[in-house]
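# What the coordinates show
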Amino acid sequence: MLFSQLFAECFLHYRGARGVAGNGYMMKDYTQLPPVAMCLVLTVAVFVLPPCLYEVLRRIPVARWRVLGITKRKERKL
């Protein structure tokens, strides 16, 4: 019983810390913001952060290849 509880707590902590739902849960637990303000913050984060992260990752060659799977094509000189 102890192992299953420990596993469940660790798994939920790991999964809860990822994504928008995890951020909303953390904001609910650790801030004093009203629910409307939390919804506004999360809505802005959903629409602003992904394009910003894409632009940053696109400019770093190793990150572009590892995360996005984009490689630069070499032009062939004929």
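Structure's up top.
Heads up: these notes are all about the structure in this document. Computed from a predicted model, the values in this text were never measured in an experiment.

## What to know about the overall build of the chain
Helix and strand counts for the chain stand at 4 helices and 0 strands. Listed N to C, the secondary structure of the chain is α-α-α-α in terms of helices and strands. Across the 78 residues in the chain, those meeting the buried criterion constitute 9%. Summed over all atoms, the accessible surface of the chain reaches about 7,500 Å², with 68% contributed by carbon and sulfur.

## Regarding the pattern of salt bridges
Summed over the entire model, instances satisfying the criterion amount to 3 salt bridges. With a shortest N-O distance of 3.3 Å, Lys28 and Asp29 are connected by a salt bridge. Residue class for Lys28 comes out exposed when judged on its relative accessible area of 52%. Taking relative accessible area as the criterion, Asp29 reaches 38% and is therefore assigned partly exposed. Counted as one network, the salt bridges with shared partners bring together Glu55, Arg58 and Arg59.

## Some thoughts on helix H3 (residues 35–58)
Here H3 spans 34 Å end to end across 24 residues, near enough to the 34 Å set by a 1.5 Å rise per residue. Within H3, the axis deviates most sharply at Val48, by approximately 30 degrees, and proline Pro50 lies no more than four positions further along.

Each value, and the rule that gives it
Residues numbered from 1 in each chain as written. Predicted model: local features only at pLDDT ≥ 70, side-chain atom pairs only at ≥ 80, totals over all residues. Heavy atoms only, no water. Helix = DSSP H or I, 4+ residues; strand = E, 2+ residues; numbered from the N terminus. Buried < 20%, exposed > 50% of the residue type's maximum accessible area, 1.4 Å probe, protein only. Areas by Shrake-Rupley, 256 points an atom, 1.4 Å probe, with all protein chains shown as cover. Salt bridge = Lys/Arg side-chain N within 4 Å of Asp/Glu carboxyl O. Expected span 1.5 Å × (residues − 1). Bend = angle between axes of the 7 residues up to and from the residue.

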